[in-house]
Amino acid sequence: SGDRNTNQSVTRLNSAANQQIGRNPNYLGEILIYLGFALLACHWLPLVILGVFAALIFFPNMKKKDESLSRYPEFAAYKERSGMLLPKLFVGKAAETRETVELAND
């Protein structure tokens, strides 16, 4: 009994809601949780395992997601103003200008 039409296809990338954070907040949260457990172990081995896991599992999945989202024209500007995992602190003027032009064209 929702107002959402689930049969509707997505034609735009909604990047406005989470533009202040990185593109993968779910992976960041998981890495921080696992980092907390690794630090609780008070040993270097869990940190190494987490690093290897992140490098072999998380980062390739983030790259695949970026490749999938690149089909949207808005993604280039979104990618430029947001970090893959952490927020970008300094966003270039090119991203802001491109976003303004895209919004004006809509």
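Read on for a plain summary of the structure.

The rules behind each value
- Per chain, residue numbering runs from 1 following the sequence as it is written.
- Only residues with pLDDT of 70 or above have their local features reported here, since the model is predicted, and side-chain atom pairs are shown and tallied only from 80 upward, although totals for entire chains, interfaces and linings are computed over all residues.
- Only heavy atoms go into the side-chain values, all of them from the structure, while hydrogens and water stay out.
- Here a helix means four or more residues in a row that DSSP labels H or I, a strand means two or more in a row labelled E, and each is numbered from the N terminus.
- Expected span of a helix: the number of residues minus one, times 1.5 Å.
- By definition, a residue's bend is the angle between the axes fitted to the seven residues ending there and the seven starting there.
- Between buried and exposed lies partly exposed: a residue is buried under 20% and exposed over 50% of the maximum accessible area for its type, with that area taken using a 1.4 Å probe on protein chains only.
- Should any heavy atoms of two residues lie within 4.5 Å, those residues are considered in contact.

### A look at unusual backbone geometry
One non-glycine residue, cysteine 42, lies in the positive phi region at around 55°. Mapped onto the fold, cysteine 42 is located in the loop between α1 (25–40) and α2 (44–69).

### Looking at α2
With 26 residues, α2 should cover 38 Å at 1.5 Å per step; its first-to-last C-alpha distance of 36 Å lies within 8% of that length. At alanine 54, α2 shows its largest kink, close to 40°. Among the residues of α2, those classed as buried are Leu50, Ala54, Phe58, Met62, Asp66 and Leu69. Against the buried residues of α2 lie α1 and α3 (75–81).

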